[in-house]
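Listed here are the chains, written in short residue letters.
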Amino acid sequence: MIRDDAGEVTSLVGFMFDISERKAREEHIEQLQHTLMALSYQDGLTGVANRRRFDEVLAAEWQKSRETGAPLSLILGDIDCFKSYNDLHGHLQGDDCLKAVAHGLKRIAKRRAILLPVMVGKSSRS
Amino acid sequence: MPDTTHEDAMALAEHCRAAIAAVGIVHTEAHPLSMSFGVGTHDGRDGADLREFVEGIDRKLYAAKDGGRDAIVA
C-alpha cells in the first residue's frame, strides 16, 4: 500500500506468480508416489498382491473378525512339484507358468472381490 | 476372505483347483500341472492366535500335498 503525505492510499502494489508449473510438478510427484506405493504392494512377475500386502490385509481382517465375530477364511495354495517343473522346462517357462496360474486364479478372486496374494521364496517340499 | 464361512471357502478352493486344471499347463505327459490347498476358517472368537491360524492351514496344505497332490484339506 502506498500512501500520500495525508495518509491516503494512492496505490496498491502486488505481485502475482504463476504457480501452475509448480502445481503440475507437485501433482506429478504425488502421482509418482501413488504409483510407487501401489508397486510396493505388488508382485513384480504376476502383478497380484505380494506378501507385504497379504500380511497387512490379514492382520486387519483378523482384527475385524475378532471385533464383529464374523467368520474369516483363508485358503493357502501351492503349485505341486513346481521345482520339478522348473528343472524340466527351465526358469523362463516356470515364470510363464506362474503368470498363467495367477491369471487363472485372479479371475476367481476378482469375481468374489477377495485378495489374491502370491508368496515367493517359501521353501517348497514338493 | 472376510465374511466367508468354511463351506464357502471349501467351494472356492475347489473352484481354484478346477481353474488350475482348466488352464491346462503340461507338467509331464502323465501329469498336468496341479495345485494343492489348505483351507481354514476363524470364527472370530477371543483367544485365537493369528500365527497359529496360518500355521494350521499351512499344515493342511502340506497334508494335501503329501496325500497325493491336486487335493484340498480342510
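Conventions adopted
Residues numbered from 1 in each chain as written. Chains lettered and ligands numbered in written order. Predicted model: local features only at pLDDT ≥ 70, side-chain atom pairs only at ≥ 80, totals over all residues. Helix = DSSP H or I, 4+ residues; strand = E, 2+ residues; numbered from the N terminus. Rg over C-alpha atoms; globule rule 2.2 N^0.38 Å. Buried ≥ 20, exposed ≤ 12 C-beta atoms within 10 Å, placed from the backbone. Contact = placed C-beta atoms within 7 Å. Pairing = 2+ DSSP bridges. Nonpolar A, V, L, I, M, F, W, Y, C, P; charged D, E, K, R; others polar. Expected span 1.5 Å × (residues − 1). pLDDT = per-residue confidence, 0-100. Axes fitted to C-alpha atoms, helices over the stretch in contact; angles between N-to-C directions. Left-handed = near helix turned anticlockwise from the far one by under 90°.

Structural notes on the overall build of chain A
The secondary structure content of chain A amounts to four helices and three strands. In chain A, the succession of α and β elements from N to C terminus is β-β-α-α-β-α-α. Against the 2.2 N^0.38 benchmark of 14 Å for 126 residues, chain A shows a C-alpha radius of gyration of 28 Å, more extended than a compact globule. Counting only residues that meet the buried cut, chain A has 17% of its 126 residues in that class. Here the analysis covers contacts within chain A between residues at least 6 apart in sequence; of these, 53% occur between residues at least 24 apart.

Here we look at the sheet that holds strand β1 (residues 35-42) of chain B
Strand order in this open sheet of three strands is β3(A)-β1(B)-β2(B), and the pairing throughout is mixed. Only two strands of the sheet have a single neighbouring strand rather than two, namely β3 (72-79) of chain A together with β2 (72-73) of chain B. The pairing of β3 of chain A with β1 of chain B spans eight bridges and is antiparallel. Its bridge partner being in β1 of chain B, Leu-76 of chain A is matched across the sheet by Gly-38 of chain B.

Examining the interface of chain A and chain B
Contacts between chain A and chain B engage 31 residues on the former and 39 residues on the latter. For the side of chain A that touches chain B, the secondary-structure elements that each account for two or more residues are α2 (51-68), β3 and α4 (91-112) of chain A. Sorting elements by how many residues they give to the side of chain A that touches chain B places β3 of chain A first, with eight residues. Partitioned by chemical class, the residues of the side of chain A that touches chain B number 17 nonpolar, seven polar and seven charged.

With respect to unusual backbone geometry
One non-glycine residue with positive phi stands out, namely Cys-81 of chain A, at about 55°. Secondary-structure assignment places Cys-81 of chain A in the loop between β3 and α3 (82-89). If you check the backbone angles, Arg-69 of chain B has positive phi at about 70° while not being a glycine. Here Arg-69 of chain B falls in the partly exposed class, since 16 other C-beta atoms lie within 10 Å of it.

So, helix α1 (residues 20-39) of chain A
Spanning 20 residues, α1 of chain A covers 28 Å between terminal C-alpha atoms, matching the ideal 28 Å at 1.5 Å per step. With respect to burial, α1 of chain A is a largely exposed element, only zero of its 20 residues being buried.

Brief notes about the confidence of the model for chain A
Of all residues in chain A, 94% have pLDDT values of 70 or greater, and the mean over the chain is 88. Mean pLDDT values for the elements of chain A range from 88 in strand β1 (residues 2-3) of chain A up to 93 in β3 of chain A.

Thoughts on the packing of α4 of chain A against helix α1 (residues 6-23) of chain B
Packing of α4 of chain A against α1 of chain B leaves a shortest axis separation of 9 Å and a crossing angle of 145°. Where α4 of chain A crosses over α1 of chain B, the handedness of that crossing is right-handed. Between α4 of chain A, through Ala-100, Val-101, Gly-104, Leu-105, Ile-108 and Arg-112 of chain A, and α1 of chain B, the contact on the second element is made entirely by Leu-12, His-15, Cys-16, Ala-19, Ile-20 and Val-23 of chain B. Across the contact of α4 of chain A with α1 of chain B, the residue classes break down as nine nonpolar, two polar and one charged.

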